[in-house]
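Examination of the molecular architecture
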Amino acid sequence: LSKKEWDNKKRLNSLEGKIYSKVDDIIKNNKEEILEKYPKVSNNAGYNLIELVNNYDLSRLICGSEGTLGIVVEITLKLVDIPKYTGLVSLYFDSVKKATSCAAEILKTKPSAVEFLDDNFIKLAIKLPRFSTDVKKLNKNTKALLLVEYKSNDQNKIREQIIKIIQAMFLIKT
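In short, a report on the structure. (Residues numbered from 1 in each chain as written. Predicted model: local features only at pLDDT ≥ 70, side-chain atom pairs only at ≥ 80, totals over all residues. Heavy atoms only, no water.)

Here we look at the overall build of the chain
The cut-off we apply is this: Helix and strand assignments follow DSSP, with helices taken as H or I runs no shorter than four residues and strands as E runs no shorter than two, numbered in order from the N terminus. With the radius of gyration taken over C-alpha atoms, the globule rule is written as 2.2 Å times the number of residues to the power 0.38. Three labels apply to residues, based on accessible area from a 1.4 Å probe with only protein chains included: buried if under 20% of the type maximum, exposed if over 50%, partly exposed otherwise in between. Here, residues are in contact when the closest pair of their heavy atoms is within 4.5 Å. Method for areas: the Shrake-Rupley scheme with a 1.4 Å probe, in which residue coverage is limited to the protein chains shown. Asp and Glu are treated as the negative residues and Lys and Arg as the positive ones, with His and the ends of the chain left uncounted. Every charge is mapped to an atom, namely NZ of Lys, CZ of Arg, CG of Asp or CD of Glu.
For the chain, the count of helices and strands is nine helices and three strands. What you see in the chain, going N to C, is helices and strands ordered as α-α-α-α-β-α-α-β-α-α-β-α. For a compact globule of 174 residues, the expected C-alpha radius of gyration is about 16 Å, and the chain comes in at 20 Å, more than 25% above that figure. Burial status across the chain gives 26% buried among its 174 residues. Long-range contacts, defined as pairs at least 24 residues apart, comprise 61% of the intrachain contacts of the chain with a sequence gap of at least 6. Of the roughly 13,000 Å² that the chain leaves accessible, carbon and sulfur atoms contribute 54%. Side-chain charges in the chain split into 30 positive and 22 negative, and the spacing between the mean points of these groups amounts to 4 Å.

Next up, the structure:
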């Protein structure tokens, strides 16, 4: 929404208006702290507060909350074609800290998705028949995984992205 559209929503005499007004108050009262403490990486998940500070985008906050802040009852989607090719890189770490410290470098390679799996997830997956065989093949010191996915209609672009991420991981001192 534009600032004007946001302000118009706040003036609505309805539940929607109250929600926009309350969120606006929360953001105004906490703007400095959000800007100071919000991670300096691209974030496509979680409570995406920075989008509210900069762009008046309530949809990203709701989507990122994964149902913990509210439920969407009506939505209009713009669909796009699924790219023809997919590449996946699995990165294994002996600590959660090492995995998270690589996030900024990974995002520079422009992945279509990054999935973080910590040791709690690994322990749970071992108990599930569907995953246990594969998970048991992991090195015993694996405490975190990052699954990095690339999608494109151009196989060479995916190869280039995979080469970049492998090179970046060799250069990072964790």
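Side note on the side chain of Ser 152
Worth spelling out the cut-off: Polar contacts here mean pairs of N or O atoms no more than 3.5 Å apart (in protein, one a potential hydrogen donor and the other a potential acceptor; neighbouring residues in sequence count only if both atoms are side-chain atoms).
Here Ser 152 lies in strand β3 (residues 144-152). The class for Ser 152 is buried, based on a relative accessible area of 9%. At a separation of 2.9 Å, a polar atom in the side chain of Ser 152 contacts the main-chain amide nitrogen of Asp 154. Those residues in contact with Ser 152 that sit more than four places away from it in its chain are Pro 83, Lys 84, Tyr 85, Lys 157 and Ile 158.

Digging into the layout of surface pockets
Going by this rule: We place a 1 Å grid over just the protein atoms. Points where a 1.4 Å probe fits but has no way out form a cavity, open points with protein on both sides within 12 Å along at least 5 of 7 lines form a pocket, and any residue with an atom within 4 Å of a point lines it. Grid points are joined across faces, edges and corners, and a volume is the space filled by probe spheres set on the points.
If you add up the space inside the largest pocket, you get close to 870 Å³. Around the largest pocket, the lining is made up of 27 residues, and of these Tyr 20, Leu 58, Ser 59, Ile 62 and Val 72 lie nearest the centre. Broken down by secondary-structure element, the contributors of at least two residues to the lining of the largest pocket are α2 (15-37), α3 (49-55) and α4 (58-64). The element contributing the most residues to the lining of the largest pocket is α2, with nine residues.

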